[in-house]
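Listed here are the chains, written in short residue letters.
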Amino acid sequence: MALRPKNKRERPGGAPAPAGLRRRRTSKLRANSGRPDKLDVQELSRKEKTHFNKLQKRLRRNVGNAIVDYNMIEQGDRVMVCLSGGKDSYGMLDILLSLRQNAPVDFELVAVNLDQKQPGFPEEILPAYLAGLGVPYYILEKDTYSIVREVIPEGKTTCGLCSRLRRGSLYGFAREIGASKIALGHHRDDIVETLFLNMFFNGKLKAMPPKLLSDDRLNVVIRPLAYCREKDLDRYARYKDFPIIPCNLCGSQENLQRVQVKNMLAAWEREYPGRTESIFRSICNIAPSQLGDARLFDFAALRIDPALADAPAIAEDTELYFPAINVVNL
Ligand code: SF4
């Protein structure tokens, strides 16, 4: 794996640390870059500005709550923030930088992008953006694109292998730079989609946890956006005019099964607003005794308690009326 640019001082991104680590970003919104879907901040009405402020507060609150609930970031952590160039990872870095200013603990943020050598990858965009922020960063180069093309037959979805190779490279690099946490930009909707994908196609009730110890127990992965809605991140990215790099440069079709699940959830959400949030909350509120996994709950040991043999069959409840049961001998 190549590292770009070469860093003579063993500091990431050439940013002057530790001063660079503490630099505050004061500009809230940037001017219109001509993108047709970009919301022009200069032209925002007062109502729109209020909307933006609320959106920003909500995202910060969601990220802050997730960090606290799962003890994602601790004193002295070096958090490696993985940037793909998509809206979610830009949003994650932006919100973490802002939260760090008032955080009760000191922690370090290091941005890392893996350039997978997809044809047409605009390699100047992320370094320019990160240098502008003053955040320490690394750009890694690894040609996983060629590996994926070689291994996966034409016409098949390549995202699974591509993501595994990316994850392996990033996990290894996190250890090289002594990162104590790896932050990934998956949000609430990604997590719910993964739950259904695993149920529909793998027969497993599992999603993506907000915090995870890697199988080799050498990395802790955190997902600070776990409580954030995708549509909030999408809108935030447009307000902030992040220089988005599309994830289709490889020419791969987006994972069809994930698209189907996404569409299913969107249709539910239209018909029953709040359903995705409810499903997400169910992931965080599990009752193993009401499911069927004997590894999680000792169903085999369930017995009537002999000490309660003479107790009324149903606890007294003055609200309920239970008609007497007549025993009829036929
Ligand atoms: S769309 Fe391409 S680059 Fe993105 S995950 Fe899939 S294979 Fe990898």
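What counts, and at which threshold
Residues numbered from 1 in each chain as written. Predicted model: local features only at pLDDT ≥ 70, side-chain atom pairs only at ≥ 80, totals over all residues. Helix = DSSP H or I, 4+ residues; strand = E, 2+ residues; numbered from the N terminus. Buried ≥ 20, exposed ≤ 12 C-beta atoms within 10 Å, placed from the backbone. Contact = placed C-beta atoms within 7 Å. Near = placed C-beta within 6 Å. Nonpolar A, V, L, I, M, F, W, Y, C, P; charged D, E, K, R; others polar. Expected span 1.5 Å × (residues − 1). Axes fitted to C-alpha atoms, helices over the stretch in contact; angles between N-to-C directions. Parallel < 35°, antiparallel > 145°, perpendicular 65-115°, else oblique. Core = buried A, V, L, I, M, F, W, Y, C linked by C-beta atoms within 7 Å. pLDDT = per-residue confidence, 0-100.

1. A look at the overall build of the chain
Each helix and strand in the chain was counted, giving ten helices and seven strands. Counting only residues that meet the buried cut, the chain has 26% of its 330 residues in that class. For the chain, restricting intrachain contacts to residue pairs at least 6 apart in sequence, the fraction spanning at least 24 positions comes to 78%.

2. What to know about the site of the ligand
Close to the ligand lie nine residues, the nearest being Thr158, Cys159, Cys162, Cys247 and Cys250. A breakdown of the residues in the shell around the ligand according to their chemical character gives four nonpolar, five polar and no charged.

3. Here's the deal with helix H2 (residues 46-69)
Taking 1.5 Å per residue, 24 residues should reach 34 Å; H2 reaches 34 Å between its end C-alpha atoms and fits that length. Taken residue by residue, H2 has Leu59, Asn62, Val63, Ala66 and Ile67 as its buried positions. At its buried positions, H2 is contacted by helix H3 (87-101) and helix H8 (230-240). Looking one or two places after H2, you find Asn71, whose phi comes out positive at around 45 degrees.

4. Quick notes on the packing of H3 against H8
At a minimum axis distance of 9 Å, the contact between H3 and H8 shows a crossing angle of 75 degrees. When the interaxial angle is binned, H3 and H8 end up roughly perpendicular. Side by side, H3 and H8 meet where Lys87, Asp88, Tyr90, Gly91 and Asp94 of the first sit next to Leu233, Asp234, Tyr236, Ala237 and Lys240 of the second.

5. Section: the nonpolar core
Met80, Val81, Cys82, Ala111, Val112, Ile182 and Ala183 are the most contacted members of the largest nonpolar core, which has 51 residues in total. Sequence-distant contacts of Ala183, that is, excluding residues within four places in its chain, are made with Val79, Met80, Val81, Cys82, Met92, Leu96, Ile222 and Pro224.

6. Things to note about the confidence of the model for the chain
In this model, the chain carries a mean pLDDT of 85, and residues with pLDDT of at least 70 account for 82%. Ignoring residues within four places in sequence, the model shows residues 5-37, a span with pLDDT below 50, making 38 contacts including any to other chains.

7. Structural notes on the packing of H2 against H3
For any two helices packed against each other, one specifies the crossing angle of their axes together with the interaxial distance. Closest axis-to-axis distance for the H2/H3 pair is 10 Å, and the angle between their directions is 80 degrees. On the basis of their axis angle, the class for H2 and H3 is roughly perpendicular. Here Leu59, Arg60, Val63 and Gly64 of H2 come into contact with H3, specifically with Gly91, Ile95, Ser98 and Leu99. The residue inventory of the contact of H2 with H3, partitioned by class, reads four nonpolar, three polar and one charged.

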